[in-house]
Amino acid sequence: MNHPSRLTFGLVAALVVPGVLSAQTTIATLHGKVRAVSGDRKPLAGAAITVVNTASGFTYNAKTLSDGSYVLVLSPATYRITVTSPTFNAFTRTFQVQVGQNIEMNFGMVPQDQGSAVVEVLGKVEEVKTSEVATNITTEQIQSLPQNRRSFLDFAALAPGIRMNTDENDQGFSSGGQSSEKVNLFIDGASYKNDLLRGGVMGQDSSKGNPFPTSAVQEFRVLTENYKAEYQKASAAIITAVTKSGTNDFHGELFTYYQDKQLVANDYFAEKNGTPKPTYQRLLWGASVGGPIITDKLHFFLSFEQNRQDRDATVRLGDTPAPASQAAYLKSMEGTFPSPFRSNLLFGKIDYQIDPTQVMEFTVNYRNESDIRSFGEQTSYESAENMKVNVQSFSVKHRKTTESWINEAMVTYQRFEWNPQALNWDKVGINYGGVMRVGGRDTSQDFVQKRTSLRDDFTLIGIQNHTIKTGINLDFLDYHVVKYQNGNPVFFYDAWYQNWAMPHDAVYGVGNPDLSSKNRQFGIYVQDDWNVTPRLQLNLGIRWDYESELFNTDYVTPLNIRTNPNIAALGLSNYMTDGSQRKAFYGAFQPRLGFSYDLSGKGTTMLFGGVGRYYDRETYNNTLDEKFRLQYPVNHWYFTPDGSDLWGNHAIQWDPIYLSKAGLDSLIASGKASPEIFLLNNDTKPPYSDQMSLGVRHTTGTVTYSLTLTSTRSQDNLTWTFGNRDANHQAIPIPGYSNVLINTTTKTWYDAAYVVIDRPYTEASGWGLGFSYTLANAKQTGDGMFSLNQGEGDPMVKHRSPGDERHRVVVNGIVRLPWGFRFSGVITLGSGTPYTMYDASHGWGPGHGFYRYYEADPQKDSFIIPNAWAYRSVDVKLQKDFKLPKSKLGLMVEAINLFNYHNWTYGWDSGLIPPPPDVN
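Criteria and thresholds
- Residues numbered from 1 in each chain as written.
- Predicted model: local features only at pLDDT ≥ 70, side-chain atom pairs only at ≥ 80, totals over all residues.
- Heavy atoms only, no water.
- Helix = DSSP H or I, 4+ residues; strand = E, 2+ residues; numbered from the N terminus.
- Rg over C-alpha atoms; globule rule 2.2 N^0.38 Å.
- Buried < 20%, exposed > 50% of the residue type's maximum accessible area, 1.4 Å probe, protein only.
- Contact = heavy atoms within 4.5 Å.
- Polar contact = N/O pair within 3.5 Å; in protein donor to acceptor, adjacent residues only side chain to side chain.
- Salt bridge = Lys/Arg side-chain N within 4 Å of Asp/Glu carboxyl O.
- Pairing = 2+ DSSP bridges.
- Phe/Tyr/Trp six-rings, centres within 6.5 Å; stacked < 30°, edge-to-face > 60°.
- Lys NZ or Arg CZ within 6 Å of the ring centre and 35° of its normal.
- Arc of directions from axis to C-beta.
- Core = buried A, V, L, I, M, F, W, Y, C linked by side-chain atoms within 4.5 Å.

Enquirer: It is not clear to me how the overall build of the chain should be interpreted in this structure. Could you clarify?
Expert: Within the chain, the secondary structure is distributed over 7 helices and 52 strands. For a compact globule of 920 residues, the expected C-alpha radius of gyration is about 29 Å, and the chain comes in at 30 Å, within 12% of that figure. Structurally, the chain occupies a C-alpha span of about 110 × 65 × 55 Å along its principal axes. In the chain, which comprises 920 residues, the share counted as buried stands at 57%. Restricting the contact set of the chain to residue pairs at least 6 apart, pairs at least 24 apart contribute 71%.

Quick look at the structure:
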């Protein structure tokens, strides 16, 4: 696979007086001490701290304790802080906090009788005392850096250890050598975890859409290791994002981006074969507006984005000559057909400061998309599907702040639907091998996740040297799942089998498709940020999580399965349940310890690290086959002219009446069906990871340097494997059934070193630069949801992970140029991820060929370092702003993969080691 270059033109208009849109959402912590700078330098108790959001006017107050310490919990924004104490000069300054930051700011107050108004700021304003391995993505980076998909999640790639999926229809992210299911996304404190399907985030499985309007995101924080106990349901990375809010000034934005096929380089292989560029047109447009309802008290913000993509796919006959009787029909299926994608994103927010101690927020988020796809090449348009995704989320949040405690309560309701529908469900599928697949798509599904979440976080700030936080969450979940797996039959024909006269096999599922269920999730945590000494801070936390129906707790294995002597002979008694053998898992205790130590004593150089346990969960779709395959069997028949066995499988004598749903239904009615059996181990536990990190962070002026060593070990990841295989890995027949699959667990090993240099962009300096380098080694057992190959290429033997990229470099920069121009760019270099090869050097088939799991690397090319990179991309953006009355207009041009690097996924072997000419 290669990734051609793309060029995009855009237009951005900011209306009224442009300004910073500040969020009142996920919090940051500001703390420090106030003391006199002369005499005995005593701590000043009772000093008044007043902090005002410069955009919204929201005000927060605190008073220092007896040791002069104070703590304030703030939403990410720009603030003006004022410190006053009797007989001392008052002090005011402006500063900025970002989401999740832990900022220390100490003040030395000057007595009024000294006749000086100078106040000494004794601590760094930058975040230095944190044990988390985290990267903040700023508003300036989101607004200025180039990216092709306009998904704010893509900017997570600026953080070391993060990998974005490159598949256009699977836009998730992963970290720590684990799959994308092991991450979590929080927006304004609400979890967007996908309990049902792949991707980790609701709506990201099999979708080319974005989870949220980028124009509504103010900033976000990527936590890859050692995050605190308040975060749940993630054993890899977490992203916590905050949205924009209205301010005391009305302001808005209109934008549009346009791209067509003339601005996109042709695919390498298409160009080599002389294939013209396919139709392609993309229009992204949107608008946002925010402002006051009541100045300094009540504000609103609205954002809308639409993504319209028009492309097509060409259907053509394969190289194998078509069967004569179907040649004309198959020829008529050729052609070019439209493949439109439509997405609408809407976000709204109202924030209200009732008084200086209370703030309320109301948010709503809506996402709707459709995508006509899954056809092209040798798959006909008849076999297309419409991939529909819908997400709705509503939240109400209340925060109460006093001098000694803070309480934040939140109620969220979410509905997520994933609904791929076949366009031609009434036409059976027929696959003419090497020629074309025609007829309707085999599967339609409807997955709905409804979540009502209650969350409360309580923080004690009135204890000297301690910030103690505790919280609970209670989630009520309804899973509505209807799955017509192979509900439309598919028949398989090949020229080499009876010269197209009959199919050699067929697949068809029928039964009860409803797998709806309910689940309850509960979590509780406590953590203490303890300033042991002025130089040492400990972060102590523990979390406990519980789910009621994670592993089919009340499921009863059908009696005919439990009493089947052939299944009993397999020794699978621990996979059988009468409804009482399985208990909910109560062992998800997660201790977490972090520390940061000021090596310099000046807040410039910190040694930090941590260790902790992090529990995740299995997706519902990964466990439902145990009951699904028996209440909705997916049958597989083999056909021969006389009913003799085929390839070692029992076969049925072919009759043309079987070439329909009704015909296959008659086979099922006569008992000629062989469904698969899935059996879940009664002792199955949720997956978890143990994480360790150690690093050093140094701040010089506005530049921060860090080196972090990290190690992650994950266990109890679920995978399915064969349960009816003998010592030679041959199938043990089970009359009436095709296969028995049982679950087992897999592990991952991830060790990495991160080097980060960060100089955030500011308007005052006019430039910013970021650099991250990841050196990683990732290994695992298993091969995802199914680990079916056994023997010499057994995936359950430790091997490289599919995301094992040893070297990755990401450089980003923004610079303000003369005449109102702004230039930005991102350079991404990677040594490439491995791929699996099939080794047929000793011949084909069982006992000869086998898989070499992720042993091969793609070819490498040069970029500064010779022959070092399998992935290279240089993305740039140039924008010019024009000032208009009470507004501004911005024109931009953006180039993705500027030099059109090919970025191969495989080597020239295409994943195959063929046999020598004299070996069959």
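Enquirer: What is the right way to read the side chain of threonine 130 from this model?
Expert: Its location among the elements puts threonine 130 in the loop between strand E10 (120–121) and strand E11 (133–137). Note on threonine 130: relative accessible area 7%, which makes it buried. Only 3.2 Å separates the side chain of threonine 130 from the backbone nitrogen of glutamate 132, close enough to count as a polar contact.

Enquirer: Could you clarify how one ought to interpret the pattern of salt bridges in this entry?
Expert: Opposite charge on two side chains makes pairing possible when the charged atoms of those side chains draw close. Overall, the coordinates contain 43 salt bridges when judged by the stated rule. Aspartate 857 is paired through a salt bridge with arginine 800; the nearest N and O atoms lie 3.0 Å apart. Linking aspartate 857 in the loop between strand E47 (850–856) and strand E48 (861–863) with arginine 800 in strand E43 (residues 799–800), this pair joins segments that are 57 residues apart in sequence. On the basis of relative accessibility, which here comes to 33%, the residue aspartate 857 falls in the partly exposed class. We note a salt bridge from glutamate 855 to arginine 852, for which the minimum N-O separation is 3.4 Å.

Enquirer: Help me understand the sheet that holds strand E37 (residues 652–653) in this model?
Expert: In spatial order, the strands read E27-E26-E30-E31-E36-E37; together these 6 strands make up an open sheet with mixed pairing. Looking at strand neighbours, the two that pair on one side only are strand E27 (436–438) and E37, the edges of this open sheet. Relative to strand E31 (residues 505–509), strand E30 (residues 490–493) runs antiparallel, the two sharing 3 bridges. Within the sheet, the bridge partner assigned to phenylalanine 492 lies in E31 and is aspartate 505.

Enquirer: Is there a simple way to explain unusual backbone geometry in this structure?
Expert: Negative phi characterises most residues that are not glycine, and trans characterises most peptide bonds. Its identity is not glycine, yet aspartate 188 carries a phi of approximately 55°, on the positive side. The class of aspartate 188 is buried, set by a relative accessible area of 4%. Backbone geometry at asparagine 867 places phi at a positive 50°, although glycine is not the residue there. As for its placement among the helices and strands, asparagine 867 is situated in strand E49 (residues 865–869). For asparagine 867, a relative accessible area of 55% gives the class exposed.

Enquirer: Before we go on, may I ask you to explain the sheet that holds E47 in this structure?
Expert: Pairing between sheet strands relies on hydrogen bonds along the backbone, with the strands arranged either parallel or antiparallel. What the 3 strands build is an open sheet, ordered E47-E46-E52; its pairing is mixed. Every interior strand has two partners, whereas the edge strands, E47 and strand E52 (912–913), have only one. Both strand E46 (residues 835–839) and E52 contribute to a ladder of 2 bridges, which runs parallel. When the sheet's bridge partners are listed, tyrosine 838 is paired in E52 with leucine 912.

Enquirer: Teacher, can you tell me more about the packing of aromatic side chains here?
Expert: The geometry of an aromatic ring pair comes down to the distance between the two centres and the angle between the two planes. Taken as a whole and assessed by the stated rule, the structure comprises 41 aromatic pairs. Measuring from centroid to centroid gives 6.3 Å for phenylalanine 250 and phenylalanine 300, while their planes differ by 55°, and the two rings are tilted. Pair noted here: phenylalanine 250 is in the loop between strand E17 (238–243) and strand E18 (251–260) and phenylalanine 300 is in strand E20 (residues 298–315), with a separation of 50 residues, a long-range link. Plain terms: the ring middles of tryptophan 496 and tyrosine 497 are 6.2 Å apart, the flat faces sit at 80° to each other, and that makes the pair edge-to-face. We classify tryptophan 496 as exposed; its relative accessible area is 57%. Grouping aromatic residues by their ring pairs yields a cluster made of Phe522, Trp544, Tyr546, Tyr586 and Phe589. The residue whose ring lies beneath lysine 798 is tryptophan 749, and the NZ or CZ to ring-centre distance is 4.2 Å. Over the face of the ring belonging to phenylalanine 882 we find lysine 880, whose NZ or CZ atom lies 5.2 Å from the ring centre.

Enquirer: Can you walk me through helix H7 (residues 661–669) in this structure?
Expert: The α-helix advances 3.6 residues per turn, and as a result positions three or four apart in sequence lie on the same side. Gly663, Leu664 and Leu667 are the residues of H7 that are buried. The buried residues of H7 occupy an angular sector of 95° when projected down its axis, which confines them to one face. Of the exposed residues in H7, those oriented more than 90 degrees away from the buried face are Ala662 and Ala669. Looking one or two residues beyond H7, the residue adopting positive phi is glycine 671, at roughly 85°.

Enquirer: Any chance you could explain the side chain of glutamate 382 here in plain terms?
Expert: Topologically, glutamate 382 is positioned in the loop between strand E23 (358–373) and strand E24 (385–401). By relative accessible area, glutamate 382 is classed as buried at 11%.

Enquirer: Just to check I follow, could you spell out the pairing of strand E44 (residues 807–816) for this structure?
Expert: The side chains of a regular strand alternate, first on one face of the sheet and then on the other. Of the pairings in the sheet, the one linking strand E42 (residues 767–780) to E44 comprises 9 bridges and is antiparallel in character. Residue pairing in the sheet places phenylalanine 771 in a bridge with valine 811 of E44. In this antiparallel pair of consecutive strands, E44 and strand E45 (residues 821–830), the connection spans 4 residues, and tryptophan 819 shows a positive phi of 60°.

Enquirer: What exactly am I supposed to notice about the nonpolar core here?
Expert: Ranked by size, the top nonpolar core spans 52 residues in total, and within it Phe152, Phe173 and Phe220 carry the most contacts. Of all the secondary-structure elements, those providing two or more residues to this core are strand E12 (162–164), strand E14 (184–187), strand E16 (217–225), E17, E24, strand E25 (405–422), strand E29 (466–484) and E44. For phenylalanine 220, the contacting residues outside a window of four places in its chain are Val99, Thr135, Asn136, Ile137, Ile142, Phe152, Phe155, Ala156, Ile239, Thr240 and Ala241.

Enquirer: It is not clear to me how the environment of serine 404 should be interpreted in this structure. Could you clarify?
Expert: Tracing the sequence through the fold places serine 404 in the loop between E24 and E25. Residue serine 404 is classed as partly exposed on the basis of its relative accessible area of 33%. Remark: the alpha-carbon pair of serine 404 and alanine 62, spanning 342 residues in sequence, is separated by 8.9 Å. Excluding residues within four positions of it along the chain, serine 404 makes contact with Thr459, Leu460, Ile461 and Gly462.

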